[in-house]
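As a plain string of letters, each chain reads:
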Amino acid sequence: MAYDKVEVPEEGEKITVDDDDEFIVPDNPIIPIIHGDGIGKDVGPAAQKVLEAAAEATGREINWMRVYAGESARERYDGENLPEDTLEAFKEFKVGIKGPLTTPVGAGFRSLNVALRKKLDLYTNMRPTYHLDGVPSPVKAPEKMDMVNFRENTEDVYAGIEWEAGTDEVQQVKEFVEEEMGFDATIHDGPVGIGVKPITEFGTKRLVRQAIKYAIANDRDSVTLVHKGNIMKFTEGAFRDWGYELAAEEFPEQTITEDELWEEYDGEAPEGVVVMKDRIADNMLQQILTRTEQYDVLAMPNLNGDYLSDAAGAQIGGLGIAPGANIGDGRLLAEPVHGSAPKYAGEDKVNPSAMILSGRIMLDQIGWHDAADLVRDAVEETISSKKVTYDIERQIDGGEKLATSEFADEIVANIQELA
């Protein structure tokens with residue numbers, strides 16, 4: 001495809017997919033990258049440098065293809081925030097990575113990040129949460145956390161419809177629900193906002209399928225469906241039921257329910273079997289603190305996933321080191337969890353670990369497991385040696401404060417030493 005303002009590298013090959021949407025990856029792939037807004041101009045190049053080093057150390061090469069969204073796009077595309085060039089690049093080259101984006105007021109998007117996920121149908125947000133030695137944590141035993149959150153990315157509140165208090169439309173909805181549908185909605189008199197959130201069987205099952213496939217491929221013990229089905233029975237309760245249905249329909253030999261675990265196996269799961277559990281969302285928020293090690297992979301509707309993944313991130317030191325990736329059928333876009341923090345833009349001071357570790361997910365998902373392990377080990381080695389950015393240095397004794405770029409250089413040196 002011909003691009004308007006994007007330069008395709010002369011060297012390198014495309015990542016393609018097979019009939020099962022599995023990636024076919026050359027040793028020299030072309031990978032699109034958005035550095036991002038705000039601190040993206042610092043963490044983007046830092047991540048690029050580290051991922052390049054990990055690829056090189058394992059006998060491969062990444063050919064980066066700069067694409068644009070947000071501020072960098074507006075500068076090049078006459079005010080456009082999400083140009084067609086960028087969408088087409090991610091569609092054509094299948095796998096990419098992006099930094100944080102800021103959605104400007106009046107941009108026509110609720111969120112540029114959400115718009116990218118929806119337009120590319122990246123319906124799964126995957127957030128691995130694990131503790132790195134040396135990172136300060138608010139809990140006593142952060143090493144117990146080793147959890148992977150699968151959050152539905154396109155439905156629930158992300159597809160929510162709202163009517164504003166005081167409008168004719170909201171009054172029509174209220175009257176329709178109460179009078180035409182015959183529901184006693186117990187809505188108080190006076191101004192009221194009303195919203196609708198869809199959760200579908202299709203959206204639920206494709207998310208849970210991703211979670212179970214991941215658990216099987218990575219020798220995980222359980223997948224827990226997190227919902228509020230005790231109250232919202234036909235949306236969140238349906239999410240739970242459809243999740244169990246999917247497991248029974250498509251993975252009958254590889255999964256058992258928690259009830260079956262105790263009734264048939266006396267609590268001892270057979271080797272290689274994934275246990276399907278479910279938990280009420282508010283209870284799950286306290287269980288990740290009190291029974292952290294009992295949970296492995298979580299599958300959740302959008303809003304529950306937002307709460308749970310941020311809470312899990314807090315236990316291992318905060319969103320500054322929390323990675324993420326958005327996954328669809330035969331597509332992946334890695335991105336850190338944190339925002340763009342514009343007040344620190346260009347200061348070369350913030351922690352790039354979240355974007356670097358998001359790149360680690362990307363490497364792992366394309367089958368470069370050795371390179372992915374090198375990235376994690378080198379980041380951990382750098383932090384545990386107390387050579388850190390300001391956010392960690394101020395919380396530890398005897399730390400050496402490094403700039404963003406210096407921290408990346410130290411990780412690269414550790415990659416070369418560990419390789």
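Everything below is about the structure shown above.
The following paragraphs examine the structure supplied in this document. (Residues numbered from 1 in each chain as written. Predicted model: local features only at pLDDT ≥ 70, side-chain atom pairs only at ≥ 80, totals over all residues. Heavy atoms only, no water.)

### Side note on the overall build of the chain
So, step 1. Along the backbone of the chain there are 14 helices and 17 strands.
So, step 2. Here the chain has a C-alpha radius of gyration of 22 Å; the compact-globule value for 419 residues is 22 Å, and the two agree.
So, step 3. In terms of overall dimensions, the chain has C-alpha extents of about 65 × 60 × 50 Å along its principal axes.
So, step 4. Taking all 419 residues of the chain together, 52% fall into the buried category.
So, step 5. Put simply, of all contacts in the chain between residues at least 6 apart along the chain, 73% involve residues at least 24 apart.
So, step 6. When the accessible surface of the chain is split by element, carbon and sulfur atoms take 45% of a total near 19200 Å².
So, step 7. Across the chain, the 41 positively charged side chains and the 82 negatively charged ones have centroids separated by 4 Å. (Helix = DSSP H or I, 4+ residues; strand = E, 2+ residues; numbered from the N terminus. Rg over C-alpha atoms; globule rule 2.2 N^0.38 Å. Buried < 20%, exposed > 50% of the residue type's maximum accessible area, 1.4 Å probe, protein only. Contact = heavy atoms within 4.5 Å. Areas by Shrake-Rupley, 256 points an atom, 1.4 Å probe, with all protein chains shown as cover. Lys, Arg positive; Asp, Glu negative; His and termini not counted. Charge placed at Lys NZ, Arg CZ, Asp CG, Glu CD.)

### Quick word on the pattern of salt bridges
So, step 1. Evaluated as defined, the whole model comprises 26 salt bridges.
So, step 2. With a closest N to O distance of 2.5 Å, R117 and E335 form a salt bridge. On the criterion of sequence distance, the pair formed by R117 in helix α4 (residues 112-119) and E335 in the loop between β15 (331-334) and α11 (353-365) is long-range, its members being 218 residues apart. Residue R117 shares its accessibility class with E335, and that shared class is buried.
So, step 3. One salt bridge connects R206 with D121, and the closest N-O pair in it is separated by 2.9 Å. Taken together, the residues R206 in helix α6 (residues 201-217) and D121 in the loop between α4 and β6 (124-130) connect sequence positions 85 residues apart.
So, step 4. With a relative accessible area of 32%, D121 lands in the partly exposed category.
So, step 5. Beyond isolated ion pairs, a larger network of salt bridges with shared partners links E201, K205, E245 and E249. (Salt bridge = Lys/Arg side-chain N within 4 Å of Asp/Glu carboxyl O.)

### Description of α4
So, step 1. Across the 8 residues that make up α4, a large majority, 6, are buried.
So, step 2. Of all the residues in α4, the buried ones are L112, N113, V114, A115, L116 and R117.
So, step 3. One or two positions beyond α4, positive phi appears at D121, with a value near 50°.

### Details of the pairing of strand β10 (residues 222-227)
So, step 1. Across the 6 residues of β10, 6 count as buried, placing the element largely inside the fold.
So, step 2. Along β10, one buried face is formed by S222, T224 and V226 and the opposite face, lined by V223, L225 and H227, is buried too.
So, step 3. Alignment of β10 against strand β12 (residues 274-280), held across 6 bridges, turns out to be parallel. The residue of β12 that forms the bridge with V226 is R279. (Pairing = 2+ DSSP bridges.)

### Considerations on the nonpolar core
So, step 1. Grouped together as the largest cluster of nonpolar side chains are 84 residues, with contacts concentrated most on V223, M362, L363 and V375.
So, step 2. When residues of this core are assigned to their parent elements, the largest contribution, 8 residues, is made by helix α1 (residues 40-57).
So, step 3. Setting aside anything within four residues of it in sequence, one finds V375 in contact with V50, L51, A54, I356, L357, R360 and L363.
So, step 4. In terms of nonpolar packing, the next biggest core, distinct from the first, is built from 22 residues, Y3, Y68, A73 and F90 among them. (Core = buried A, V, L, I, M, F, W, Y, C linked by side-chain atoms within 4.5 Å.)

### What to know about the environment of E164
So, step 1. Tracing the backbone through its elements, the reader meets E164 in the loop between β8 (161-163) and α5 (168-180).
So, step 2. Judged by its relative accessible area of 59%, E164 is exposed.
So, step 3. Linking E164 and G317, residues 153 residues apart in sequence, is a C-alpha distance of 38 Å.
So, step 4. When near neighbours in sequence (up to four residues on either side) are disregarded, E164 contacts V170 and V192.

### Describing a negative patch on the surface
So, step 1. A contiguous patch of negative charge, built from E7, E10, E11, E52, E56 and E61, is present on the exposed surface.
So, step 2. Among the secondary structure elements, E11 is positioned in the segment before β1 (16-17).
So, step 3. According to the relative accessible area criterion, E11 is exposed, its value standing at 54%. (Patch = residues over 30% accessible without salt bridge, like charges linked within 9 Å, V, L, I, M, F, W, Y side chains within 5 Å.)

### Considerations on the environment of G59
So, step 1. Along the chain, the position of G59 falls in the loop between α1 and β4 (63-66).
So, step 2. For G59, a relative accessible area of 61% gives the class exposed.
So, step 3. For the pair formed by G59 and I383, sequence separation is 324 residues and the distance between their alpha carbons is 26 Å.

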